[in-house]
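Chain and residue survey
Listed here are the chains, written in short residue letters.
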Amino acid sequence: MKFCLAYLFMLMAGLGWSQNNFLPTHHFFKDQLFSNQLQAPYNGGGFFPVTEREYALIPAIIDSSSQYSPIKQTLFNKHLIELKSEDYFLTISPTFAFSMGQDVHDTSRQNLFQNTRGFIVEGDLLENISFSTSFYENQARFTNYESEYFSALGELYPTTDSSYQSQNAVIPGSGRTKPFKQNGFDCAYAIGNLVYTPFKQITISTGNNQHFIGDGHRSLLLSDNSYSAPYLRLNWKINSLFQFSYLRARHLNLIRRPATGSVESYYESKGYSVNYLTYAPTENLNISLFEGTVWNRGNAVTSLRVHPLFYNPIPFVSHLILKTQNELTSVFGINAGFQIAPKHRVYGQLALNGINIETLGFQLGYRGYNFFGLQDFMVQTEYNYVPNELYQSDNRRLNYTHYNMPLGHIRGDGFQELVVRSNYEIKRIYAAINLSYYMFKNHDQLDLLPVKLTSMNNTTQTYNYTVASLEMGYRMNRKLNFCIFGALTYRESTQENSRATAFLNLGMRTGLINTNKDF
């Protein structure tokens with residue numbers, strides 16, 4: 001009801017129309033944003049997604065020539081349907097991901113596939129209102145390592161002996177699943193947002209979406225690996241030096257309540273808040289203070305109202321007042337980016353569980369573009385160190401997670417990672433290489449679940465593994481990131497009883513949100 005009233009209020013303001021929607025969160029668009037194809041380098045503090053009004057990226061990256069026929073113009077440069085008048089601009093396009101392949105190391109030789117169908121609708125109303133909504137229906141069969149990871153984080157159902165058992169699976173970015181045929185997964189999800197800019201300095205958005213903080217491939221503070229969540233966000237450009245972001249959301253532990261009057265038992269809910277202050281002393285440097293907090297809203301039996309300090313915008317105050325009252329778990333951090341040259345950028349993060357210095361994690365990274373004079377050639381290197389207990393709480397219900405998945409790095413706690421990425425595109429033909437090398441010690445991927453389950457992993461074991469991928473294809477439409485592609489993913493681990501993966505697949509997709517396989 002409150003969101004409806006807010007929506008009606010927004011419709012009462014403004015004249016004309018302008019593009020105020022968020023840019024897609026896929027790596028392709030983020031890489032393009034940092035390639036400095038705009039007039040000035042991106043220096044906005046790294047809280048994604050960002051709006052098209054503020055960063056006019058799409059006009060900068062699409063082919064603006066007029067040599068196409070109307071059919072080719074739609075296929076290569078536009079949405080399927082585009083309607084425009086003085087008071088609105090509306091676009092509608094299908095979204096999809098169709099692929100087929102096999103893991104050549106899997107002796108069962110089962111076919112692996114993805115079948116995703118959906119749509120995206122975006123619109124601009126009047127002068128300062130934009131909206132976006134999209135829906136995806138998915139059936140897929142994944143590699144063994146992906147299926148094992150998704151299933152390990154599944155829904156938790158109470159048993160007769162007051163313990164819990166895991167059922168079904170959870171897929172990063174796609175939510176909970178149900179079985180599909182043999183070893184397959186079925187899920188559907190919808191995301192969307194409403195964006196309102198009452199003044200040039202203030203942007204207000206609400207909806208059901210994912211967020212990401214940082215200039216890197218990973219984020220130790222807030223990533224889009226988890227599922228989307230209902231949220232309210234405010235961005236305020238205080239002046240030329242400072243800007244502040246305020247995010248409040250409703251998150252879930254996938255624990256079914258033991259009793260219900262509905263068809264399905266509800267999940268346990270918890271609050272989530274972000275206070276994010278950015279200082280940009282020059283157009284090439286920004287430093288941001290981050291506070292991300294998970295708030296207690298009850299357990300499997302009782303529901304509680306969130307504490308009033310949940311709405312407090314001043315960083316660190318809530319944690320200092322409530323840290324001993326089992327009301328919250330906070331991750332503090334710093335995010336920084338520095339443009340050392342027009343096509344070269346260094347960045348980093350610090351992350352800390354509360355004020356416990358033993359949980360300090362960090363990220364160091366570099367992005368470079370146009371090497372050897374080649375346009376659209378990027379190289380990125382990144383190192384991530386995540387200690388044990390960075391995202392854990394004494395109250396497991398308050399672990400730094402949503403939908404049983406980490407809100408920070410996709411692998412949770414207790415590892416080191418080296419990332420190397422590179423991509424190059426010429427005349428719509430592209431190639432992308434991704435390498436992730438992990439080093440684990442005392443790691444258990446079930447440590448962040450809201451209840452304790454017996455792990456199949458030996459948590460005292462030291463091991464490492466490598467995930468490498470090569471993708472080549474033809475990018476038909478940059479506005480939708482519509483690609484026809486072929487890809488090879490190789491994964492090998494030194495962990496006892498592990499199996500190597502060599503997954504070869506072919507397909508086509510519209511890439512607007514991330515579906516990472518490098519874990």
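Just so it is clear, the model here is predicted, and its values are computed rather than measured. (Residues numbered from 1 in each chain as written. Predicted model: local features only at pLDDT ≥ 70, side-chain atom pairs only at ≥ 80, totals over all residues. Heavy atoms only, no water.)

The next point concerns the side chain of arginine 411. One can find arginine 411 in the loop between strand 23 (405-406) and strand 24 (415-426). Despite its burial, arginine 411 pairs with no opposite charge, the nearest such side chain being aspartate 444 at 8.1 Å. Within the structure, the side chain of arginine 411 is placed 3.4 Å from the side chain of tyrosine 465, a separation counted as a polar contact. Discounting chain neighbours no more than four positions away, the residues touching arginine 411 are Tyr149, Tyr438, Phe440, His443, Gln445, Tyr465 and Phe519. (Helix = DSSP H or I, 4+ residues; strand = E, 2+ residues; numbered from the N terminus. Buried < 20%, exposed > 50% of the residue type's maximum accessible area, 1.4 Å probe, protein only. Lys, Arg positive; Asp, Glu negative; His and termini not counted. Salt bridge = Lys/Arg side-chain N within 4 Å of Asp/Glu carboxyl O. Polar contact = N/O pair within 3.5 Å; in protein donor to acceptor, adjacent residues only side chain to side chain. Contact = heavy atoms within 4.5 Å.)

Attention shifts here to the pairing of strand 20 (residues 361-369). Both strand 19 (residues 344-353) and strand 20 contribute to a ladder of eight bridges, which runs antiparallel. Within the sheet, the bridge partner assigned to arginine 345 lies in strand 20 and is arginine 367. Pairing of strand 20 with strand 21 (residues 377-386), which is carried by eight bridges, proceeds in the antiparallel orientation. In the sheet register, glycine 368 faces strand 21, and the bridge partner there is valine 379. (Pairing = 2+ DSSP bridges.)

With 78 residues, the main nonpolar core has Ile213, Tyr272, Val274, Phe290, Tyr391 and Tyr400 as its most contacted residues. In terms of nonpolar packing, the next biggest core, distinct from the first, is built from six residues, Trp295, Leu309, Phe310 and Leu328 among them. (Core = buried A, V, L, I, M, F, W, Y, C linked by side-chain atoms within 4.5 Å.)

A cis amide bond links phenylalanine 48 with the next residue in sequence, proline 49, at an omega value of 5°. Residue asparagine 497 is not a glycine yet carries a positive backbone phi of 65°.

On to helix 2 (residues 27-34). Judged by how many residues are buried, helix 2 sits mostly within the fold: eight of eight residues are covered. Taken together, the buried positions of helix 2 are His27, Phe28, Phe29, Lys30, Asp31, Gln32, Leu33 and Phe34. One or two residues past the end of helix 2 sits asparagine 36, with phi positive at roughly 60°.

Let us look at the environment of asparagine 505. For asparagine 505, the location among the structural elements is in strand 28 (residues 501-510). Asparagine 505 sits 262 residues away from glutamine 243 along the chain, and the two C-alpha atoms are 44 Å apart. Those residues in contact with asparagine 505, other than ones at most four positions away along the chain, are Ser99, Met100, Gly101, Phe485, Gly486 and Ala487.

This paragraph deals with the environment of phenylalanine 150. Inspection of the secondary structure assignment puts phenylalanine 150 in helix 5 (residues 144-152). Linking phenylalanine 150 and glutamine 139, residues 11 residues apart in sequence, is a C-alpha distance of 14 Å.

Another aspect to go through is the environment of isoleucine 61. Along the chain, isoleucine 61 falls in helix 3 (residues 57-61). Note on isoleucine 61: relative accessible area 5%, which makes it buried. Considering only alpha carbons, one finds isoleucine 61 and asparagine 144, 83 residues apart in sequence, at a separation of 37 Å. Each residue touching isoleucine 61, except ones within four places of it in the same chain, is listed here: Phe28, Phe29, Gln32, Gln37 and Arg478.

Turning our attention to the pairing of strand 6 (residues 155-158). Examined bridge by bridge, strand 6 and strand 7 (residues 164-167) share four bridges and lie antiparallel to one another. If you follow proline 158 over to strand 7, its bridge partner there is tyrosine 164. Remark: five residues form the turn of the hairpin made by strand 6 and strand 7, two consecutive strands paired antiparallel; serine 162 in that turn has positive phi of roughly 70°.

Of all residues in the protein, 93% have pLDDT values of 70 or greater, and the mean over the chain is 90. Mean pLDDT per element in the protein: helix 1 (residues 2-11) is the minimum at 38, and strand 13 (residues 212-213) is the maximum at 98. Taken together, the stretch residues 1-17 has pLDDT below 50 and engages in 34 contacts with residues farther than four places along the chain or on a different chain. (pLDDT = per-residue confidence, 0-100.)

The subject of this paragraph is the pattern of salt bridges. In the structure shown here, the tally under the stated rule is 16 salt bridges. Salt-bridge contacts for arginine 218 lead to glutamate 417; the nearest nitrogen and oxygen are separated by 2.8 Å. Of this pair, arginine 218 sits in the loop between strand 13 and strand 14 (229-237) while glutamate 417 sits in strand 24; the two residues are 199 residues apart in sequence, bridging distant segments of the chain. For arginine 218, a relative accessible area of 3% puts it in the buried group. For arginine 397, the salt bridge goes to glutamate 268, with nearest N and O atoms at 2.9 Å. Note that arginine 397 is positioned in the loop between strand 21 and strand 22 (401-402) and glutamate 268 in strand 16 (residues 267-282), a separation of 129 residues in sequence. The network of salt bridges with shared partners includes Asp376, Glu425, Arg475 and Arg478.

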